[in-house]
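Examining the three-dimensional arrangement
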Amino acid sequence: RLFMSTNRKLVYFFGGGATEGRFDMKDLLGGKGAGLAGMSRSGAPVPEGFTITTDVCRKYYFSSESRLFKAVPGFKKQFDEGLEKLEKVSGKKLGDPSNPLLVSVRSGAKFSMPGMMDTILNLGLNSSCVEGSAALTGDRRFALDSYRRFIQMFADVVRDTGKERFEEILDAEVRRVGVSSDRELNEVSLERVVERYKDLYRVLTKDEFPEDPREQLIAAIEAVFRSWKNARAVTYRKANNISDKLCTACNVQKMVFGNMGADCGTGVGFTRDPASGEKVFYGEYLANAQGEDVVAGIRTPLPISNLAETHPKANRDLIKITKRLEKKYRDMQDFEFTVEQKKLYILQTRVGKRTPLAELRIAVDMVREKLITKQEALLRVRPESLDQLLKPIFDAEERKNHRVLAKGLPAGPGAASGRIFFTAEAAVAAAPRGPVLLLRAETNPDDIAGMMAAEGILTATGGLTSHAAVVGRGMGKVCVVGCGAVRIDGLSVHIAGHRFEAGDYLSLDGFTGEVIEDEVSTQPSDILQILLGKMDPKESPIFAYYEQLMKWADQTRRLGVRANADRPEEALVARALGAEGIGLCRTEHMFFGEKRISRVLAMIVAQTPQERRQALDALYPMQKKDFKEILKAMEDLPVTIRTLDPPLHEFLPHDNEEAERRARAANLDPNAVWEASRRLKETNPMLGHRGCRLGTTHPEITEMQAGAVLAAVAELREEGVKTYPEIMIPLVGTAAEFKGQAKIVRDASERASGKRKGGYKLGTMIEVPRATLVAGEISETADFFSFGTNDLTQMVFGYSRDDYGKFIDAYLDKGILPMDPFQTIDREGVGRLVKLALDEARKLNPKFKAGVCGEHGGDPASIGFFHEIGLDYVSCSPYRVPAARLAAAQAVVAGKNGGEPDK
């Protein structure tokens, strides 16, 4: 009911001077219907039709009735009125043998879901209407070809028969008469195909193919609505965080034909290059074809520039109209068009899918062109797109040693190496074992799961607007299409005379379209190399755009952004990417390595405090060196160092053989090591002897670490290096726990550097639910909080982070949870506790500092929540820092705009 419009209008007409909808009605008309309404109002040549609203789809799903007219009261009357108006405006009538109206029936959700739902073309044809169409056009071959296409689409979409058996009939006829493709089949052959299609339909469905066009139309509309819940659409929505509750509209539109002869054609285009973002008229065109021939990748189309030669007037009109549409809607447009007997028709316009590189460039360029504001530009770039731009590229030197096998069209930039597989199912199954590439003659919507699982996609046919290109581009996948040298044969592929089996390695360059033999190693992205001073900014066409967007983001955001880093090299990368400090340095990661683990083992097996201190004394200089290097790398920025968190058993061997080997390396008694492993093993270690509990029972560990931090600080200050260390006690649940650990740190401070005091802050990691409830009491002696939302989520839900994968998919599918709470913060539960703790702390000190250092610190949706409740900073992995900076800025803009639309 929340999504149900109170407007009782269920059908909106467009075209013919009687357009009822508007471009801003996407919630009700869907993106496609709103685009058709907007174009019609602006005077673009749009074939007439009507849009059935998303309300009808929702009511259809909520009803127990299976038939549409019964399920949605009042719809039949408005449908009849819309159809009557279409017949009047077009001068044709549905089912009239002498002058038949043929329509397309297309889905159209609020957010673009290319190829995920169903479409039916040429609807209205039957045994008599096909002859009427032949008489009207003077081309019986065209009428029969349209009829066979309609039978196949109707069978597949409405009756769920699949397309393969129909394709086999068509291919068999092509072979029988000895032509190269179905375009060369004559009337006699097409008559044979139509009859065989009808026979197959009867076999597969146990029904005759429907002759009543009105029956055809109602069945098609119901099928389009049902396709909202098909497997590929559900998968796509889940991957793109689109709500299942939105539902789809349905557009019924008069057919125009690009396959009526040489003076006809069809194409797909963009007002800018969707791969690079360059401001050029961009697209593809097929002569004498229908739209699905282009988007399905069945034929490799020609560049749209060919239209200027074959249809100069239509080309001029198309450029003029689409430029006007981009200016009107202030974004790159993705449009479909048909030329019917030299006359241009625009079938669709929508905001175009684009690569991350293009997304960035278009947003910045449109500000410079004064089409959008800086704030709008910040919302136009997805934070995950910045993650994509920081992905590695092929190592230039190593690449020289690998043979380029073939070259296709570069549809999705980036570098991808992996084992090749030829079906979506195989790619999904293999992906957990390492990177995979999906190779297909052409992809179709049923391949969506395999495309998601793959690092890269390669197709033999199709163009830059084919299904593989559009969907792959939207996913940020490396994608090469239309590679004619690729010939897939079962579970192997032939490429330029070379044969490769499923599981063999290939590499794809999405910048050049090259297919490369074997696995090629990668190097950091251009942006990262420039930021690290290893590359001249002039060598990268995108860096200036990145720098400009980040400048706008930093001028806009309120939240600080730090990085989780444990080593100096990580800290340097984080700093280069714009981190304003380290929000979490995990000291346990410094304990591994052959020399260090030996000292840790000696500390664990120690029988007396004196022996333990002796082992810790050996670790001390190593820890001091670690802290000194990481503090120096982050000079003049805060560094939050967490004392030892995991239980000691994590450092111990798992079996007797390993215990003996590691004991010898550490010059220890193997029996003592194995005995310690058995003694310290815990039933539930995440709730066990770890964090401040470990520091309480073994205060000398906290003492050593605090002393090492403070000594490192003292030495750096002597060297003139400004440092801002923050020592953080993990897993505190009571004020007394924190006070006990704080005393150890402060005592260490008294002893460090000639009893020099101060120069550091002391805080705690809030990750135990009880700590959020007594946060006010803890804040009396703490300088800061950092919310460890990983453990906090685990304890609030009672879900083991190691085991919840066994049921989380079922919970998401059944709607028990709206999202994975370990990826996006649970606002109602975990988030509420975070806000409660923050409010309690700020009652005592309004300027009390608090941040987040869990995985949620890099999640854009969670960052929006942390901004709303007033946290000071988020901390995330180094490579997510740019995305977090952008998300923090978007939170400010969205707050001023009243929030972004729900997906």
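The structure contained in this document is the topic of the report that follows. Because the structure is a prediction, the values reported are computed rather than measured. (Residues numbered from 1 in each chain as written. Predicted model: local features only at pLDDT ≥ 70, side-chain atom pairs only at ≥ 80, totals over all residues. Heavy atoms only, no water.)

Before going further, it helps to spend a moment on the packing of helix α4 (residues 75–90) against helix α9 (residues 213–226). Packing of α4 against α9 brings their axes to within 13 Å, and their N-to-C directions diverge by 120°. Put simply, α4 runs oblique to α9. Every pair of crossing elements has a handedness; the one defined by α4 and α9 is right-handed. Every residue of α9 that contacts α4 at Lys76, Phe79, Asp80 and Leu83 is listed here: Arg214, Leu217, Ile218 and Ile221. Looking at side-chain class alone, the contact of α4 with α9 contains 5 nonpolar, no polar and 3 charged residues. (Axes fitted to C-alpha atoms, helices over the stretch in contact; angles between N-to-C directions. Helix = DSSP H or I, 4+ residues; strand = E, 2+ residues; numbered from the N terminus. Parallel < 35°, antiparallel > 145°, perpendicular 65-115°, else oblique. Left-handed = near helix turned anticlockwise from the far one by under 90°. Contact = heavy atoms within 4.5 Å. Nonpolar A, V, L, I, M, F, W, Y, C, P; charged D, E, K, R; others polar.)

Glancing now at the sheet that holds strand β9 (residues 333–340). The 5 strands are arranged β8-β7-β6-β9-β10 in an open sheet whose pairing can be described as antiparallel. Of all the strands in the sheet, just β8 (302–303) and β10 (343–351) have a single pairing partner and so form its edges. With 6 bridges joining them, strand β6 (residues 265–270) and strand β7 (residues 282–287) adopt antiparallel strand pairing. What sits directly across from Gly265, in β7, is Ala287. (Pairing = 2+ DSSP bridges.)

Relative to the assigned elements, Leu601 resides in helix α24 (residues 594–605). With relative accessibility at 1%, the residue Leu601 sits in the buried group. Separated by 101 residues in sequence, Leu601 and Thr702 place their C-alpha atoms 17 Å apart. For Leu601, the contacting residues outside a window of four places in its chain are Phe651, Leu652, Pro653, Arg662 and Leu668. (Buried < 20%, exposed > 50% of the residue type's maximum accessible area, 1.4 Å probe, protein only.)

Turning our attention to the side chain of Glu767. Along the polypeptide, Glu767 turns up in the loop between β28 (761–766) and α31 (769–773). Look at Glu767: it is buried, it has no salt bridge, and the nearest opposite charge is Arg690 at 4.3 Å. Here the side chain of Glu767 touches Leu731 through a polar contact of 2.8 Å, landing on its backbone nitrogen. Discounting chain neighbours no more than four positions away, the residues touching Glu767 are Arg690, Pro730, Leu731, Gly788, Asp791, Leu792 and Met795. (Lys, Arg positive; Asp, Glu negative; His and termini not counted. Salt bridge = Lys/Arg side-chain N within 4 Å of Asp/Glu carboxyl O. Polar contact = N/O pair within 3.5 Å; in protein donor to acceptor, adjacent residues only side chain to side chain.)

The subject of this paragraph is unusual backbone geometry. Trans is the prevailing form of peptide bonds, just as negative phi is the prevailing case for residues other than glycine. Although it is not a glycine, Asn122 adopts a positive phi angle of roughly 65°. Residue position: Asn122 is located in strand β4 (residues 119–123). On the accessibility criterion, Asn122 (0% relative accessible area) is buried. With a phi close to 70°, Asp518 is a non-glycine residue in the positive phi region.

Ranked by size, the top nonpolar core spans 102 residues in total, and within it Leu549, Phe785, Phe787 and Leu871 carry the most contacts. It is helix α14 (residues 356–368) that contributes the most residues to this core, 8 residues altogether. Contact partners of Phe785, with chain neighbours within four places excluded, come to Thr764, Ile766, Ala775, Ile778, Ser779, Ala837, Ala841, Phe848, Lys849, Ala850, Gly851 and Tyr873. Leu102, Leu185, Val252 and Met451 belong to the second-largest nonpolar core, a separate cluster that totals 91 residues. (Core = buried A, V, L, I, M, F, W, Y, C linked by side-chain atoms within 4.5 Å.)

A separate point is helix α26 (residues 656–665). One turn of the α-helix equals 3.6 residues, which is why residues spaced by three or four share an orientation. Turning to α26, its buried residues are Glu658, Ala659, Arg662 and Ala663. Projection of α26 onto a plane perpendicular to its axis shows the buried side chains occupying an angular sector of 130°, all on one side. For α26, the exposed residues lying more than 90 degrees away from the buried face are Glu657 and Arg664. (Arc of directions from axis to C-beta.)

Taken as a whole and assessed by the stated rule, the structure comprises 27 aromatic pairs. Look at Phe50 and Phe79: their rings are 6.0 Å apart centre to centre, the planes differ by 80°, and that puts the pair in the edge-to-face class. Linking Phe50 in strand β2 (residues 49–52) with Phe79 in helix α4, this pair joins segments that are 29 residues apart in sequence. What makes Phe50 buried here is its relative accessible area of 0%. Relative accessible area serves as the criterion here: at 0%, Phe79 is assigned to the buried category. (Phe/Tyr/Trp six-rings, centres within 6.5 Å; stacked < 30°, edge-to-face > 60°.)

A separate point is the pattern of salt bridges. Summed over all chains, the structure comprises 70 salt bridges. In this structure, Arg202 engages Asp199 in a salt bridge whose closest nitrogen and oxygen atoms are separated by 3.0 Å. One end of the pair is Arg202 and the other is Asp199, both in helix α8 (residues 187–205) and 3 residues apart, which spans about a single turn. Several salt bridges converge on common partners, so that one network encompasses Glu588, Arg642, Asp645, Arg690 and Asp791.

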